[in-house]
Amino acid sequence: MNDDCLFQGDSAVAALMRAYDWENCALGNPQSWPQSLRTAVSVMLNSQIGMSIVWGPDAVQLYNDLFLPILGDHQRPPIGANAQQNFRGIWDAIAPHLANAQSGQASVTGDLLCPIIRNGSISECYFKFSCSPIKDETGVGGVLIVATDTTLNVKQERRRKSIQSLSSALRNINDPHNICQISRQTLRQNSVDFPQVFLGAETELYRWLPTSLQADGKELIRQAETSHSVAHIPITTEIDAESWPTTINGLAAISIKPSGAKTARYCFVVGLSSQQIFDDNYRNYLILAVREIENSLEQAWEDSSARHDRIQQSKEQDHGAVLQQRLAFLRSIFNYAPLGITLATIDGEYQKVNKAFCTMCGYDHSEMLARNLASNCTLADWKKHDSMRQQVIRGETGQFTIVKKMFRKDNSWFWSRHTVAPVQSPDGIITHTVALVEDITEDYNNRCRVERLNARNSALTALGFFALQERSIDLILDHAVKHLTTQLATDHIGIFYRSSTDVSMSLRAGGGAFSLTKSDPRFQESISNCLDLADDLKGDSQKIDTLKDQLKSALKVHHDPIFCESLNADFPLITAELVHKDKILGVILIAFKPADNPLEEDKNFIDSTTNILNAKIAMELHTKELHENQTLLKQAQSIAGLANWQYDVMRDRSTFSSNLPAVLGIPDFQELRDFKYSLDFIHADDKSMVENTFNEIAQNGGSAEMTVRIISADKRLKTLRLNCIGMKDDRQSVHTIFGTCLDITEEQNRELQLQQYNQHLKQLSKQLVDIQETERKRIAMDLHDQVGQNLTALGLSLSVLDQSLGNHNEATVKILADTQNILEATTLSIEHLVNDMRPPMLEDWGLSTALKWYADNFQSRFGIEVMVYDTGAPERFSVAQEIAVYRATQEALNNVAKHSRATRVEIGLVWYPHRLLLDIVDNGIGFDSKDTVFQQGFGLTTMRERIEGIAGKFHIESIKSKGTRVHFLIGRST
């Protein structure tokens, strides 16, 4: 949002600044600018000379309209552009002066050449830049650049030196040919003004001119001889000579005639550069140069005696001519000066007045001479003027200046500044007074406007302070009405506001101000409907008449015809809205008299007042919401048992919630003197940690969370969770530390108890696994020693019986053979069962061999390809660890066979000196590893308990349709 009050004025640059999105500029929002920058911008935009501001490390440049001529006709530089980019033509020259100003020292450049594009071509321009530091709170924030156009001075000085050089070069030269040659050489040294120059006879001129300029040359000489002055023609054709600069765009010529001659003997022709403007200054410069040449030529043409007589005659003629020239010059100044000039007798009668003064007063020349000094001003101003004028006439003072109001012929008036001085006769007697009269109405109005703006700024500040101190919205609105009435040219101001409970109206009509809250239901309903309508319209100017009718109806209920009358269509009307969270809560209505149309600054002042009121309304509503939220927060903290505290680092003061003493076990609230006192309750082993953390936050800010033990006032051991954060100010210093504390003693006890239960459960699980393995070993041995022997004996008996029967009974023999086959299958099953319960490979050859053996059996039984990759164990792990890994691998492969639908399984064993990494990867259907149903399955739980029972780490990863990976990490048991 732009600060329209800052960018005042009707200039083009001020309008651009008001419309510019400052958030995209390095300077940021104008409301956050330093005061020194805001003041400098205001001075710059209202200045009558070219000014620019270069601000900040990014060298952001701002400028006013009068600074733009330095930039010529090319595209206007964007607002907030870099100064080096805008000054790219002269940056190397102006940069050191900017650096000096940025270091705190004012600096003034010399006359810098600024090639400027004017009228489509590059012009020679010179500027002098005054660079002054602008200080802010941190030092020098930027530089104020005042530009002075010194082009005319530089050119005049260069041309003066050129004429002086020409005069010196031609001194004592009596040969006309040498005079022409030396003149050309001397003038060509000033190549800026004389890119091409010719001096000689007309016949030689056409040999000097390029072919394409022959016709132009003839016309030029004809005009020079006819006009008896400087002739000038532009060049419209392309020059076909390489020796001629491409910048020449015109020719100028002067004929040189001897005294008394009818035709020119020589002609002086100059090629004109596009960088030079062919104006009166340049024309007079050419005439002066020709005069020097002409004098030398005439001296060469005449003999000495004739020249002597002519010189004497010339001196007399020159003296009279000088007097005539001076009189003509004074008449020209008097008649055409932009300021008014008057010549009055000592009696105060006008004797002479110039055109500018007549224009100021609106009279023609004869009417003005018929009046006197007293007839165009107030009586009070004339008495003051005449008193000071008499002092000048008596010789008591040299001159004086007075500002007074003067009346025009149409009875309008203007402010004027008169600078009055005496006019003496040759014998020293004061016979007249002369006055320079300047119309300063605009300056006077601007000064009054500045004073009015300062008064309004003071009024806005007072309203802001009142709004900060006063809590009542009604009183603030009433104060705002008086505040607006004091600063605006109207008594018809109304503010209508709807609070949560009623409708308020602050009104000033016909000079009487009052504030009231109406309980009349008709009034409340009418104003409420009006505000609802304003909320619906949201700035729709075409429907504002409907809003005015609604307001009139509401006011008529309360018999206020004066204010209603002010709302008629003939009165200029300004409305402003009191808004909070996109909801219109009120309307400001200001009616001006038809003759007092509101100015733009009036609208800005009303906007600023509205912003203050909106800010106050928002602050009060936010305060109300804050109080409500604080109440809810206290209730929530009370329910949760959360205590809070606040420590003011600067003032060494503490505040805390009412439940903090209960957390610390202090029965009496008064006993808790301050927060630091509560540090005495912290357990000795935790106290240094808390103090160090607290001091670190107090010095550097930041936040911390700690779990500490305290010894409460009733000697109980408690555990608290402390949270604290340091708040910093604009200087990055910690000013306040906020904190909360929560009694988590019961939570800690429950967690400790749960940990003990978990530890006990793990021990039971380990014991169960050990018992299971022992029982498996015993069962395997019993199956091998008893059942195995019995099956072997039964097999031998069946063999003997088979031999004894022979082939006598085929049926019996077949039954016997089937029985032997069943016996062999049973024996094989018993062997597999014994190997599963206590694999001999694991005891005899170790984990790697046992897993390879089991993988082969698994592949044979289920038809799933199993690949085992083993890096080789440097040394066997403990028996308990190997059994646990073996059983967990068994369980993993059983899960593959039951659930995965895999066709391939890879088992990788990577051995390290002190740990084993085992991965089991299948290409099955997988599952969602985040699903707690799968995570809590019996198989996964068994594997996890076995691996964690030997202090290992268990991890499983699975993605649907992409298989599963089971990961074991086991450290070598010590």
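Structure shown above.
Thresholds, definitions, all that
- Residues numbered from 1 in each chain as written.
- Predicted model: local features only at pLDDT ≥ 70, side-chain atom pairs only at ≥ 80, totals over all residues.
- Heavy atoms only, no water.
- Phe/Tyr/Trp six-rings, centres within 6.5 Å; stacked < 30°, edge-to-face > 60°.
- Buried < 20%, exposed > 50% of the residue type's maximum accessible area, 1.4 Å probe, protein only.
- Helix = DSSP H or I, 4+ residues; strand = E, 2+ residues; numbered from the N terminus.
- Lys NZ or Arg CZ within 6 Å of the ring centre and 35° of its normal.
- Pairing = 2+ DSSP bridges.
- Axes fitted to C-alpha atoms, helices over the stretch in contact; angles between N-to-C directions.
- Core = buried A, V, L, I, M, F, W, Y, C linked by side-chain atoms within 4.5 Å.
- Contact = heavy atoms within 4.5 Å.
- Expected span 1.5 Å × (residues − 1).
- Arc of directions from axis to C-beta.
- 1 Å grid on protein atoms, 1.4 Å probe; cavity = no way out; pocket = protein on both sides within 12 Å on 5 of 7 lines; lining within 4 Å.
- Points joined across faces, edges and corners; volume = space filled by probe spheres on them.
- Nonpolar A, V, L, I, M, F, W, Y, C, P; charged D, E, K, R; others polar.

## Focus on the packing of aromatic side chains
Going through the model one piece at a time under the given rule, you end up with 17 aromatic pairs. Ring centres of Phe 127 and Phe 129 lie 6.3 Å apart, and the angle between their planes is 35°; on these two criteria the pair is classed as tilted. Just as Phe 127 is buried, Phe 129 falls in that class too. A centroid spacing of 6.4 Å and a plane angle of 75° characterise the contact between Phe 194 and Phe 268, whose relative ring orientation is edge-to-face. Taken together, the residues span a long stretch of sequence, with Phe 194 in the loop between α6 (176–188) and β9 (196–200) and Phe 268 in strand β12 (residues 266–273) at a distance of 74 residues. Residue class for Phe 194 comes out buried when judged on its relative accessible area of 0%. When the ring centre of Trp 413 is taken as origin, the NZ or CZ atom of Lys 405, which lies over that ring, is 4.2 Å away. It is Arg 915 that lies over the ring of Tyr 912; its NZ or CZ is 4.4 Å from the centre.

## Details of the sheet that holds strand β26 (residues 717–728)
One open sheet accounts for 5 strands, arranged β24-β23-β27-β26-β25; its pairing is antiparallel. The open sheet has two edge strands with one neighbour each: β24 (653–656) and β25 (702–711). The mean inter-strand angle of the sheet, taken between neighbouring strand axes irrespective of direction, is 20°.

## Quick notes on the nonpolar core
Ranked by internal contacts, the top residues of the largest apolar core, which has 45 residues, are Val 41, Leu 62 and Phe 129. Where this core is concerned, the elements lending two or more residues are α1 (12–19), α2 (35–45), β1 (51–55), β2 (60–63), α4 (91–102), β7 (126–136) and β8 (139–149). Of all the elements, α2 adds the most residues to this core, at 5 residues. Ignoring any residue separated from it by four or fewer positions in sequence, one finds Val 41 in contact with Leu 6, Phe 7, Trp 33, Ile 53 and Leu 62. Counting 37 residues, the second-largest nonpolar core is a separate cluster that includes Ala 888, Ile 947, Val 966 and Ile 970.

## Description of helix α22 (residues 684–700)
In this model α22 runs 25 Å from its N-terminal to its C-terminal C-alpha over 17 residues, within 8% of the 24 Å that 1.5 Å per residue would give. Every buried residue belonging to α22 is among Asp 686, Val 690, Thr 693, Phe 694 and Ile 697, and all of these are buried. The buried residues of α22 occupy one face: seen down the axis, they fall within an arc of 100°. In α22, the exposed positions that point more than 90 degrees away from the buried face belong to Ala 684, Asn 692 and Gln 699. Directly beyond the C-terminal end of α22, a positive phi value near 80° is found at Gly 701.

## Here we look at the pairing of strand β16 (residues 413–424)
Taken together, the 8 bridges between strand β15 (residues 400–407) and β16 define a ladder with antiparallel strand orientation. When the bridges of β16 are listed, Thr 401 appears paired with Thr 419. Where β15 folds back onto β16 in an antiparallel hairpin, the turn is made up of 5 residues, including Asn 411, whose phi is positive at roughly 70°. Here 9 bridges tie β16 to strand β17 (residues 430–439), and the two strands are oriented antiparallel to one another. Of the residues in β17, the one forming a bridge with Val 420 is Ala 435.

## Overview of the sheet that holds β12
Within the open sheet, the 4 strands sit side by side as β9-β12-β11-β10. Their pairing is antiparallel. Strands at the two margins of the open sheet, each flanked by one partner only, are β9 and β10 (231–234). This sheet shows a mean twist of 15° between the axes of neighbouring strands, independent of strand direction. Looking at chain direction, strand β11 (residues 248–256) and β12 are connected through 8 bridges and run antiparallel. Within the sheet, the bridge partner assigned to Leu 251 lies in β12 and is Gly 271. Sitting on the sheet, α6 is in contact with β9 and β12, with an inclination near 170° to β9.

## Details of empty space enclosed by the protein
One pass over the structure, following the stated rule, counts 3 cavities of 30 Å³ or more. Considered as a void within the structure, the second largest cavity measures approximately 80 Å³ in volume. Along its surface, the second largest cavity is lined by Thr 342, Ala 344, Tyr 350, Phe 357, Leu 373, His 385, Arg 389, His 418, Val 420, Thr 433, Ala 435 and Val 437. Put simply, the parts of the chain that give the lining of the second largest cavity at least two residues each are β13 (340–345), α13 (379–393), β16 and β17. Sorting elements by how many residues they give to the lining of the second largest cavity places β17 first, with 3 residues. In terms of residue class, the lining of the second largest cavity is built from 7 nonpolar, 4 polar and 1 charged.

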